[in-house]
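Geometric and topological summary
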Amino acid sequence: NIPPSGAITLGKRDGVLLFRYPVQDNDIGLNISKTPLFQHIMAKPADTFYSHHDQKTQMGAYEYLQKYPLFAGVSVETRELMNEWLHDTLVKSAIVMSVTLLFALTGAYLIRQISMRSQIEHDLISAQDELRTLNGMLQKMALEDSLTGLANSRRFDTVFLTEFQRAIREEV
């Protein structure tokens, strides 16, 4: 499947072109043995190359045919070859960026939730401390007469019960 900008070449090892697609009548039988591209082809039996044929930079590959004194090559305009790669790269980059953004938003949400939980725990500890202080004051108020500051009957009952139990233990 060769795109419109692509080319297929079949030539003899001596540098004479036998076939080229797209067909150009003046290329058939043309001797390319003195060109730098053919010199490169002769140096390596299979490789990739850049060609400036048809005033387009092309990327291609060639290989010698083992059973015949021929070489076959195929090339595609670099820009067209890279368009598909660029499209795939952009799509994959967009997916990676979306996933990264999702992770970042999830992380920010979790940090916010942890911070809120920490603040609530701090507020709860402060409220518990204040409640303990107030309960102590309430207990003191329940055991003293507010006008005189002397112990009231509740305090008397508590002290009496404590002292009575101590006296029983000590058998006084």
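Just so it is clear, the model here is predicted, and its values are computed rather than measured. Residue positions are given per chain, counted from 1 along the sequence in the order it is written. Under the rules for a predicted model, residues below a pLDDT of 70 receive no local features and side-chain atom pairs below 80 are neither given nor counted, while totals for whole chains, interfaces and linings still include all residues. No hydrogens and no water enter the side-chain calculation; it runs on all heavy atoms of the structure.

Throughout this description, the term salt bridge denotes a Lys or Arg side-chain nitrogen within 4 Å of a carboxyl oxygen of Asp or Glu. Tallied over the entire structure, the rule returns 6 salt bridges. For Arg20, the salt bridge identified is with Asp27, shortest N-O distance 3.8 Å. Here the term buried applies to any residue with accessible area under 20% of the maximum for its type, exposed to any over 50%, and partly exposed to those in between, with areas from a 1.4 Å probe on protein chains only. On the accessibility criterion, Asp27 (6% relative accessible area) is buried. Measuring nitrogen to oxygen at the nearest pair gives 3.5 Å for the salt bridge that ties Glu170 to Arg166. Linking Glu170 with Arg166, this pair stays in helix H3 (residues 153-170), spanning 4 residues, or about one helical turn. One salt-bridge network, in which partners are shared between bridges, spans Glu163, Arg166 and Glu170. Numbering of helices and strands runs from the N terminus; a helix is a DSSP stretch of H or I covering at least four residues, while a strand is a stretch of E covering at least two.

Counting buried positions over the 8 residues of strand E5 (residues 70-77) gives 6, a clear majority of the element. Bridge count for strand E1 (residues 7-12) against E5 is 6 bridges, and the pairing is antiparallel. Bridge pairing links Leu10 to Ala72 in E5. Bridge count for strand E4 (residues 58-64) against E5 is 7 bridges, and the pairing is antiparallel. Along E5, the bridge assignment pairs Gly60 with Ser75. The rule for pairing is simple: two strands pair if DSSP sees at least two bridges between them. Taken together, E4 and the strand that follows it, E5, pair antiparallel across an intervening segment of 5 residues.

Looking now at the environment of Arg13. One can find Arg13 in the loop between E1 and strand E2 (17-21). Judged by relative accessible area, which is 34%, Arg13 ranks as partly exposed. Contact definition: two residues touch when any of their heavy atoms are within 4.5 Å. Ignoring any residue separated from it by four or fewer positions in sequence, one finds Arg13 in contact with Phe38, Met42, Tyr64, Leu65, Tyr68, Pro69 and Leu70. Any pair of N or O atoms that falls within 3.5 Å is considered a polar contact. Within protein, one atom must be able to donate a hydrogen and the other to accept it, and sequence-neighbouring residues count only if both atoms are side-chain atoms. A polar side-chain atom of Arg13 sits 3.2 Å from the main-chain carbonyl oxygen of Leu65.

Within soluble globular proteins, side chains that are nonpolar generally end up buried alongside one another. In this structure, Leu17, Ile32, Phe38, Ile41, Tyr62, Tyr64 and Phe71 together form the largest nonpolar core, which totals 7 residues. Counting residues per element, the ones that place at least two in this core are helix H1 (36-43) and E4. When near neighbours in sequence (up to four residues on either side) are disregarded, Phe38 contacts Lys12, Arg13, Asp14, Gly15, Ile32, Ser33 and Phe71. Buried Ala, Val, Leu, Ile, Met, Phe, Trp, Tyr and Cys residues that are joined via side-chain atoms within 4.5 Å together make up what is termed a nonpolar core.

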